[in-house]
Every structure is written in C-alpha cells, then in structure tokens.
Amino acid sequence: NICSQIRTFNFWSMTLLIIIGFILVRQHGLRHYRPSFQTYGVLFLLFLLSVYLIGNLFFLGNGTRTLYYLVDILMVVGGALLIIFFFRSETDLALFATFAETIGVILFVFSILGFGNPDLNGPGWAPFGGPITFYRLEFLAFSSALYLYTKSEFQFTKIIHLIISGIALFSTLASLSKAALIGSIVVIIYLLFWLLSNRDYKYTALLGTVFFVVFLWFTFFKGSIMSTKIVESNVDDYSMSHYSMLNMKEYYSADIRFENLTRTQQARVVALWNIFKELGAPNYRTNLPAFMRYVGQVRIYRDNSYRMLMSMEALKMFKSHPWFGAGIGNYHSVGINTGTKQFEEYRYPHNIILEILATAGLLGLFIFALLVFYVLVNLHQLLIQRKNILFFTGYIFFIFVTSLFSGDYYDFRSFWFISLVVLSSFQTPLLNQKETINWRLA
C-alpha cells in the first residue's frame with residue numbers, strides 16, 4: 001500500500017526525533033530559551049492551516065476516514081511542538097545531522113548487500129518503505145554531511161563527511177526515481193547559484209566536483225542497479241502531428257481540401273475525426289486546415305504511472321468545488337500499480353498543490369502557500385547570518401520539488417519539520433534565568 005510506504009518515512013522520522021530529544025534532555029537538562037518571532041510565526045500559521053484542515057475534514061471530508069486524516073493532521077502539529085521542545089542550539093542541530101548522516105550510510109550498506117525489500121515498489125534502491133522513504137532520507141544525509149563538513153575543524157573528518165555526502169547523493173539517484181533526480185538537479189543548481197552569488201568559490205568548486213563525480217559514478221553503475229529489476233518506461237510521448245498527418249505538405253495551406261488528399265490520408269483524417277469530434281474539433285469537411293491545426297496540437301501519452309489521470313481527477317474536483325475543495329479524504333482514483341501489478345486505490349494525486357486544491361480549495365491553498373512563503377523567507381534571513389545552513393535550505397527545496405511528483409500532505413510534513421529544526425536550533429537563551437533546570441532523566 002502506497003500510503004503505508006509514505007508513512008514509513010514519517011514514522012522513522014518521528015522515532016528518530018524522539019530518540020535524539022531524550023538524548024539531548026539527558027545531556028543538557030531542560031534549558032530556558034526564548035523562541036524567536038520567526039518560530040512563533042511558523043507555529044501560528046501551521047496551527048491556522050491545521051485548524052482549517054480539521055474544519056474542512058469534519059464539514060466536507062470523507063466521514064469514513066475522519067479519524068485517519070485527523071491523526072495525520074494532529075501528528076504534524078505534535079511533531080512541530082516536539083521539535084520546538086528538543087532543539088535549542090546549533091549543537092542540537094549538529095547532533096541531528098550526525099544521526100541523519102549515520103542512517104544514510106546504514107541504508108546505503110543495506111542496499112549494497114541487498115538487505116530488506118528493494119523490489120517493494122518498482123525499480124531502484126529502497127531497502128525499507130519504498131523509494132520515497134529511501135531517497136528523502138538519503139538526501140537528508142547528503143545535506144547533513146555537507147553541513148557537518150562546514151563545521152569540522154580537522155581535515156580527516158572533513159574528508160569523511162565529504163565521502164558520505166557523495167555516497168548519500170549516489171544513493172538518492174540510485175532510487176531511480178525521476179522525482180529524486182529532478183529534485184537533486186534543482187537543489188544542486190540552487191546551491192551553486194547561492195555559493196557563486198556570495199563569491200564562495202571554494203565551496204562552489206567542492207560541490208560541483210562532488211556532483212560531477214557522483215553523476216559519473218551513477219552513470220557507470222546504473223546498468224548494474226537496474227539489471228536485477230524490471231525496468232519500465234513511465235511515459236511514452238506520441239505526437240499526433242508526427243504520424244497522423246504524415247506526408248501532408250499542405251499542412252499550413254488555407255486552400256487545402258479534403259478531396260485533394262489521397263485515400264490513405266482521407267482515411268486517417270476520418271479516423272481522427274471520430275476520435276476528436278466529441279472534444280470540439282473543427283469539422284474536416286468545412287475547414288480542413290483548422291482541423292489539422294487542432295490535431296497537430298494534441299499529444300497522446302501512455303501514462304503507466306497514472307500521474308496524468310490523477311492530476312485530471314484533482315483538477316476536476318477543484319473546478320467543481322473551487323473555494324473550499326471537495327473535502328479531505330474525498331479524492332479517489334484507481335489504477336494499476338506499476339510495481340505490484342495490482343489495482344490500487346489512490347487517495348491523493350501525487351502532487352501537493354493539486355491535492356490541496358482538490359480537497360481544501362483556494363482558501364486552503366492560500367494558507368498553505370502563505371506558510372511555505374513565510375518559512376522560506378525566514379530560513380533565508382537566517383541563512384544570511386548562518387551560511388552553513390545553506391545545505392538544509394537545499395533539503396527544504398528538495399522536499400518541495402519532489403512533493404510535486406509524489407506523496408501527500410502527511411508526507412509533506414518533513415518540510416515543516418526540518419525548517420523548524422533549523423530555526424529552533426538558533427534560539428535566544430534567557431540569560432537572566434538559570435540556564436538549566438535541575439531535572440534529568442533517570
């Protein structure tokens with residue numbers, strides 16, 4: 001089940017967060033701090049979005065799945081509050097990065113050894129939870145390793161972090177997910193742009209070298225990764241204008257008539273007319289040039305992943321319920337899973353924007369977009385002061401880009417979580433009070 005695969009990532013993320021939190025509390029106790037205005041702002045907007053989604057769920061949502069989605073929404077809020085409680089200094093952020101880096105290496109080793117269930121959902125590496133879980137954890141390890149590289153004082157540890165970053169980036173690509181590939185390229189371009197804009201040529205050359213070496217490594221080993229998997233093409237593109245109007249040299253002539261065509265061409269035009277007449281295509285007998293232009297603008301896709309079908313279903317729901325959406329849990333699409341070869345019920349369109357439009361409408365999208373914008377602005381304000389968090393802001397963009405191809409709102413929560421981890425790790429301590437409460441875990 002795709003939903004269970006996606007939630008695996010969030011389960012392990014929450015588990016990791018709790019483990020790290022108890023370690024931090026045991027080590028430092030409960031320290032007083034003053035949350036920043038930015039942190040309060042993120043929490044307020046996240047709470048506002050959650051209240052709206054809960055209201056939408058109860059008034060418009062699927063009554064048979066109310067508890068299911070209510071738990072999802074509350075888990076997002078609960079996870080955000082845990083982060084605010086646990087993360088209070090850059091030391092905490094470095095410890096989190098170390099854990100993420102370690103998990104990335106462990107998953108890489110599991111993949112090399114063939115441990116776990118790599119064939120759970122199609123081609124590519126995915127020891128646990130499917131490719132979505134795998135490539136998001138691995139790219140987090142990539143970002144964390146580069147962050148730790150900037151924090152390291154010794155050349156040996158710098159080299160270790162650099163090697164781990166390369167391994168994690170390779171593992172991200174080895175998931176063979178198109179979303180992971182596109183997300184990686186977008187983030188690498190963003191990182192290089194930022195570094196060059198700040199005239200940081202050393203890190204620009206370093207990151208460029210890592211990406212180039214990893215890409216060559218991936219290209220060389222891609223065949224062996226795919227050799228043990230059943231590889232299928234997700235989308236094949238057929239342009240109607242390339243074969244349906246073959247040898248019709250008068251394509252752009254306003255004087256062309258149906259009677260002037262060969263029998264083969266006439267039969268082809270009639271066949272196309274039978275397909276497109278219900279869609280409003282011009283009549284070929286009265287205006288053949290217009291009909292040919294119409295057909296030339298149409299493309300037919302074989303969509304094995306059902307992404308287009310799911311997107312069209314979401315847009316249809318949005319057009320029917322533009323302001324408040326059709327209700328959370330009411331999205332529904334059925335297709336054959338390319339990995340399991342079985343019919344599967346999809347409860348989200350694999351695009352975070354379309355999901356919110358379809359289920360929560362324009363009002364939901366407005367609150368969501370406002371929160372995303374606010375988070376990104378504050379992260380970049382902090383980035384001006386703390387340049388080494390650049391790689392975590394890159395991870396935030398990676399989550400956003402990949403969420404345009406896979407996952408649902410529950411899966412998107414790692415966008416809020418990692419943002420809050422970074423923002424909360426630079427809190428202002430209350431110096432006029434005792435820094436530590438005399439309480440520790442037994």
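None of these values were measured; they are calculated from a predicted model.

Here we look at the overall build of the chain
Now for step 1: From N to C terminus, the chain includes 15 helices and 8 strands.
Now for step 2: For the chain, the proportion of its 442 residues judged to be buried stands at 50%.
Now for step 3: Here the chain has roughly 21,800 Å² of accessible surface; of this, 66% comes from carbon and sulfur atoms.

A word on the pattern of salt bridges
Now for step 1: Inspection of the entire model under this criterion finds 3 salt bridges.
Now for step 2: Between R136 and D411 there is a salt bridge, and its shortest N-O distance comes to 2.4 Å. Here R136 is found in helix α5 (residues 130-151), whereas its partner D411 is found in helix α15 (residues 409-424), with 275 residues between them in sequence.
Now for step 3: Linked through salt bridges whose partners overlap, the residues forming this network are E90, K151 and R386.

Considering the packing of aromatic side chains
Now for step 1: According to the stated counting rule, one finds 27 aromatic pairs in the structure shown.
Now for step 2: Ring plane angle 55° and centroid distance 5.1 Å describe the contact between Y147 and F392, whose orientation is recorded as tilted. Note that Y147 is positioned in helix α5 and F392 in helix α14 (residues 390-402), a separation of 245 residues in sequence. Accessibility assignment for this pair places Y147 and F392 in one class, buried.
Now for step 3: Ring pairing ties together the aromatic residues F108, W125, F170, W217 and F218, which thus form one cluster.
Now for step 4: One residue, K202, lies across the ring of Y203, its end atom 5.7 Å from the ring centre.

Looking at the nonpolar core
Now for step 1: The biggest cluster of nonpolar side chains holds 91 residues, and the ones touching the most others in it are F368 and W416.
Now for step 2: Broken down by element, this core gets its largest block of residues, 13 residues, from helix α13 (residues 352-385).
Now for step 3: For W416, the contacting residues outside a window of four places in its chain are L46, L49, V76, F368, L371, V372, V375 and Y409.
Now for step 4: Formed by 14 residues, the second largest nonpolar core is a distinct cluster that contains V269, W273, F276 and A281.

Structural notes on the confidence of the model for the chain
Now for step 1: For the chain, the average pLDDT comes to 81, and 77% of its residues sit at 70 or higher.
Now for step 2: The least confident element of the chain is strand β8 (residues 436-437), whose mean pLDDT is 38; the most confident is α14, at 97.
Now for step 3: Across residues 227-244 the pLDDT falls below 50, and counting only partners more than four positions away or on other chains, this stretch makes 41 contacts in the model.

Here we look at the packing of α13 against α15
Now for step 1: Relative orientation of the contacting elements α13 and α15 amounts to 15°, with a least axis distance of 11 Å. It follows from the interaxial angle that α13 and α15 lie roughly parallel. At the point where α13 passes α15, the crossing takes the left-handed sense. In this structure, α13 contributes I352, E355, F368, L371, V372, V375, L376, N378, L379 and L382 to the contact, and α15 contributes Y409, F412, F415, W416, S419, V422 and L423.

A short note on unusual backbone geometry
Now for step 1: Even without being a glycine, L176 presents a positive backbone phi close to 60°.
Now for step 2: Within the secondary structure, L176 sits in the loop between α6 (155-174) and α7 (178-197).
Now for step 3: For L176, a relative accessible area of 21% corresponds to the partly exposed category.
Now for step 4: A positive phi angle, near 55°, is found at R199, a position not held by glycine.
Now for step 5: Its location among the elements puts R199 in the loop between α7 and α8 (201-227).

Notes on a nonpolar patch on the surface
Now for step 1: A surface patch of nonpolar side chains, amounting to about 1,000 Å² of accessible area, comprises F58, F59, L60, W323, F324, L362, L363, F366 and L370.
Now for step 2: For the nonpolar patch, the secondary structure elements donating two or more residues are α2 (37-59) and α13.
Now for step 3: Considering each element in turn, the nonpolar patch owes the most residues, 4 residues, to α13.
Now for step 4: As for its placement among the helices and strands, L60 is situated in the loop between α2 and α3 (66-86).

Quick notes on the packing of α2 against α15
Now for step 1: The interhelical angle for the contact between α2 and α15, taken along N-to-C directions, is 160°, at an axis separation of 10 Å. Here α15 runs roughly antiparallel to α2, going by the angle between their axes. In the crossing of α2 with α15, the sense of the turn from one axis to the other is left-handed. Taking contact as the criterion, the partners of T39, V42, L43, L46, L49 and L53 in α2 are, on α15, Y409, W416, L420, L423 and S424.

Re the environment of S425
Now for step 1: Residue position: S425 is located in the loop between α15 and β7 (428-429).
Now for step 2: With residues near it in sequence (within four places) discarded, S425 still touches F87, R88, S89, E90 and L93.

Examining helix α12 (residues 307-320)
Now for step 1: For α12, which comprises 14 residues, the first-to-last C-alpha distance of 20 Å matches the rise-based estimate of 20 Å (1.5 Å per residue) to within 8%.
Now for step 2: Those residues of α12 that sit buried are M310, A314, M317 and F318. Along the axis of α12, the buried positions cluster into a sector of 100°, meaning they face one direction only. In this structure, α12 carries M312, K316 and K319 as exposed residues pointing more than 90 degrees from its buried face.

Regarding the side chain of D92
Now for step 1: As for its placement among the helices and strands, D92 is situated in helix α4 (residues 90-113).
Now for step 2: Overall, D92 belongs to the buried group, its relative accessible area being 0%.
Now for step 3: Here R88 takes part through its backbone nitrogen, which lies 2.9 Å from a polar atom of the side chain of D92.

Rules of the game
Residues numbered from 1 in each chain as written. Predicted model: local features only at pLDDT ≥ 70, side-chain atom pairs only at ≥ 80, totals over all residues. Heavy atoms only, no water. Helix = DSSP H or I, 4+ residues; strand = E, 2+ residues; numbered from the N terminus. Buried < 20%, exposed > 50% of the residue type's maximum accessible area, 1.4 Å probe, protein only. Areas by Shrake-Rupley, 256 points an atom, 1.4 Å probe, with all protein chains shown as cover. Salt bridge = Lys/Arg side-chain N within 4 Å of Asp/Glu carboxyl O. Phe/Tyr/Trp six-rings, centres within 6.5 Å; stacked < 30°, edge-to-face > 60°. Lys NZ or Arg CZ within 6 Å of the ring centre and 35° of its normal. Core = buried A, V, L, I, M, F, W, Y, C linked by side-chain atoms within 4.5 Å. Contact = heavy atoms within 4.5 Å. pLDDT = per-residue confidence, 0-100. Axes fitted to C-alpha atoms, helices over the stretch in contact; angles between N-to-C directions. Parallel < 35°, antiparallel > 145°, perpendicular 65-115°, else oblique. Left-handed = near helix turned anticlockwise from the far one by under 90°. Patch = residues over 30% accessible without salt bridge, like charges linked within 9 Å, V, L, I, M, F, W, Y side chains within 5 Å. Expected span 1.5 Å × (residues − 1). Arc of directions from axis to C-beta. Polar contact = N/O pair within 3.5 Å; in protein donor to acceptor, adjacent residues only side chain to side chain.

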